[in-house]
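Residue-level listing of the chains:
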Amino acid sequence: MATAPACPGNIHSPASPRRLELAVAWAIFVALAYLPNLAPKRSIDLVGLMIFWSFFSMTLIILCDQVTLALKQGSLLQQATHSGRAWLSFLCIGAVSGLLLDGIAQWLGKLWIYPYWNQVVYAITFVIGFCAYWLATAESYLAVRAILGRGRRVPPAIAVRSYQPVLFRALGIAGAVLVLSGVALLLRDYRSIGGYVFDTQNALHLKNHFGYFLIAFLGVWLLLEWIQFARGRLSLLRSILNGNRIPLYALLLASTVFALFWETVNAANHFWVYTNWPLPHWQIMSIPVTVLLTWPLQYVVFLSLGFLLGRDLWA
């Protein structure tokens, strides 16, 4: 007896059960992520929150990685952990991303604090914590990009155009100037409180800091654009210039969706607390609007570090 040919919509297609399982896993994960918001305040402490956020980050990484695998994309998790050299590169990315994000925004900008952490715990968990945070950020972007790019024709790689070496060298110079200017302006503001203070646990109220942070962070991105070009790698801007806007759309969508997810999960027990942000009373679901608007910045910078792992995240 003849059998009906398989087709993409066939319920017996092996892809369908896997995607259904992924959908159920995501639904369970999202529900569990908000359970600590129902816990009494007296039960919330550093150990419990660290266990929870470790579970949250690793589950998010694994689920996003499974989405990319289900859509026939390569696994970043496997690439980052498949060998000792890969692990070393991964640890390097964690250290660099932590220095760029917390170094500019927290150490200098005082834009958030970690109320449950003392400096010893902060130092011990700094690199491994940012390894997990970088991987979660990259995996969420790759999952969204795999979904947006499914079935679409990706523009072929384009050779370096004549104007690009001059353009990206100029961007690198401008980036260096912006970084130095932003850092100098951030440090200058500490004169109002008697000098610089390193404190990750207690709020220090400073004025005019946010604009200087943006200057420095924009400079970091432009520097990374030049570094990626100089190493023969694609960058966000070069992808756009080459006619491939899927990375940009994926970045904006991933940063919007996952910003709301991370921030609403944090909103009840505040593993981190925002300080010195403009327009603090403009909020969505108890989250400052300015915080949500700046989430794409960290995605741009973090994803631009992918070359350290030998992965073109913009390709």
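Fair warning: this is a prediction, and the values are worked out from it, not measured in the lab.

Visitor: What exactly am I supposed to notice about the overall build of the protein chain here?
Guide: In terms of helices and strands, the protein chain carries ten helices and four strands. For 315 residues, the compact-globule estimate of 2.2 N^0.38 gives 20 Å, and the protein chain sits close to it at 21 Å. Taking the principal axes of its C-alpha atoms as reference, the protein chain extends roughly 85 × 60 × 40 Å. Within the span of the protein chain, comprising 315 residues, buried residues form 45% of the whole. Contacts in the protein chain between residues far apart in sequence, at least 24 positions, make up 81% of those at least 6 positions apart. Carbon together with sulfur atoms contributes 69% to the accessible area of the protein chain, which is approximately 15,800 Å² in total.

Visitor: Could you clarify how one ought to interpret the confidence of the model for the protein chain in this entry?
Guide: It should be kept in mind that the predicted coordinates are not to be read in detail where pLDDT is low. Averaged over the protein chain, the pLDDT score is 87; the fraction of residues at 70 or greater is 91%. The low-confidence segment residues 1-14, where pLDDT is below 50, has five contacts with residues more than four positions distant or belonging to other chains.

Visitor: Can you walk me through the packing of helix H2 (residues 46-70) against helix H5 (residues 119-149) in this structure?
Guide: Relative placement of two packed helices is described by the angle separating their axes and the distance separating the axes. Where H2 meets H5, the axes come as close as 8 Å, and the angle between the chain directions of the two elements is 30°. On the basis of their axis angle, the class for H2 and H5 is roughly parallel. In the crossing of H2 with H5, the sense of the turn from one axis to the other is left-handed. Seen from H2, the contacting residues are Leu 46, Met 50, Ser 57, Leu 60, Ile 61, Cys 64, Asp 65, Val 67 and Thr 68; seen from H5, they are Val 121, Thr 125, Ala 132, Leu 135, Ala 136, Glu 139, Ser 140, Leu 142, Ala 143, Ala 146 and Ile 147. Partitioning the contact of H2 with H5 into residue classes produces 14 nonpolar, four polar and two charged.

Conventions and cut-offs
Residues numbered from 1 in each chain as written. Predicted model: local features only at pLDDT ≥ 70, side-chain atom pairs only at ≥ 80, totals over all residues. Heavy atoms only, no water. Helix = DSSP H or I, 4+ residues; strand = E, 2+ residues; numbered from the N terminus. Rg over C-alpha atoms; globule rule 2.2 N^0.38 Å. Buried < 20%, exposed > 50% of the residue type's maximum accessible area, 1.4 Å probe, protein only. Contact = heavy atoms within 4.5 Å. Areas by Shrake-Rupley, 256 points an atom, 1.4 Å probe, with all protein chains shown as cover. pLDDT = per-residue confidence, 0-100. Axes fitted to C-alpha atoms, helices over the stretch in contact; angles between N-to-C directions. Parallel < 35°, antiparallel > 145°, perpendicular 65-115°, else oblique. Left-handed = near helix turned anticlockwise from the far one by under 90°. Nonpolar A, V, L, I, M, F, W, Y, C, P; charged D, E, K, R; others polar.

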